[in-house]
Amino acid sequence: ATADDPMSVNVTGHAYAKIVPALQVWEEKMLFFGRILQGTTGTVEIDVLGNGRHTTGSIVVSPEYSKGIFKSNAPMGYWNTDDMQQINNDVKVKFIGPNDPNWPFTKTIQLVNPSDPEHPLTMDATLEVNAWVGQLEFYVGGVLTVPEGAAPGLYSGTYDVTVSYL
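Attention in this report is confined to the structure presented alongside it. Along each chain, residue indices are assigned from 1 in the same order as the chain's sequence is written. pLDDT decides what is reported in this predicted model: residues at 70 or higher carry local features, side-chain atom pairs at 80 or more are listed and counted, and totals for whole chains, interfaces and linings draw on all residues regardless. Hydrogens and water molecules were not included; the side-chain quantities draw on all heavy atoms of the structure.

Pairing of aromatic rings covers Phe, Tyr and Trp, the last counted by its six-membered ring, and requires centre-to-centre distances within 6.5 Å; plane angles under 30 degrees mean stacked, over 60 mean edge-to-face, and any other angle means tilted. Summed over all chains, the structure comprises two aromatic pairs. Considering the side-chain rings of F70 and Y159, the 6.2 Å spacing of their centres and the 70° angle between planes classify their relative orientation as edge-to-face. With F70 in strand β4 (residues 68-75) and Y159 in the loop between β10 (135-146) and β11 (161-165), the pair connects residues that are 89 residues apart, well separated along the chain. Ring pairing ties together the aromatic residues F70, F138 and Y159, which thus form one cluster. For the cation-ring pair, K67 lies above Y139, with the distance from its terminal atom to the ring centre recorded as 4.1 Å. Secondary structure follows DSSP: runs of H or I at least 4 residues long count as helices, runs of E at least 2 residues long count as strands, and numbering of each begins at the N terminus. Lysine NZ or arginine CZ positioned within 6 Å of the ring centre and within 35 degrees of the ring normal marks a charge as sitting over the ring.

In this structure, R35 sits in the loop between β1 (25-29) and β2 (42-46). In this structure R35 comes out as exposed when scored by relative accessible area, which is 56%. Put simply, R35 and V61 are 26 residues apart on the chain and 5.5 Å apart in space, counted from C-alpha to C-alpha. If sequence neighbours within four positions are ignored, R35 has contacts with V60, V61, S62 and E64. Partly exposed residues are those whose accessible area sits between 20% and 50% of the maximum for their type, while under 20% is buried and over 50% is exposed, using a 1.4 Å probe and protein chains only. We call two residues contacting when some pair of their heavy atoms lies within 4.5 Å.

Another aspect to go through is the environment of L23. Tracing the chain through its elements places L23 in the segment before β1. A sequence separation of 50 residues divides L23 from N73, and the C-alpha atoms of the two residues are 6.3 Å apart. The contact partners of L23, leaving out residues within four places of it in the chain, are S72, N73, A74, V163, S164 and Y165.

Grouped together as the largest cluster of nonpolar side chains are 25 residues, with contacts concentrated most on M123, V140 and Y159. Those elements that provide at least two residues to this core are β2, β4, β7 (91-95), β8 (106-111), β9 (121-130) and β10. Residues within four places of Y159 in sequence aside, it is in contact with E27, L31, G68, F70, F95, I109, M123 and V140. To qualify as a nonpolar core, a set must consist of buried Ala, Val, Leu, Ile, Met, Phe, Trp, Tyr and Cys residues joined through side-chain atoms within 4.5 Å.

Take a look at the structure:
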């Protein structure tokens, strides 16, 4: 109640604004499955959670490999792993394009050999955000399927990831 009107109440509202830095993201390391021996078939998996590389079928692959590593200037906070949103810094990371059932966390990508573009390799990519570093990092791994008859050559492809404020 107020002194002038015992039937009314005053309340104070609050307003705020948050100035955030422009986001910068860079690819620190490319996703590399290794050199695969022609004539071997199956899958090569780069485990995005850091559990190494696994193969199925008759695949013969060189020892070197790397998950894709991306870094950003966005400071880390607490991540909601259900929807990959950073709670206290209002940042989210996702693949672009809802063309997979588990999007935005997985995406199917074609890797093409320029000398045999009619027979691409298929990669089911996986996105994982690292919640235990001082700045935003995220990783891309996946499962590469190598069919019978894959021609020798360099197979490559791209994928797009969005890092944005909510």
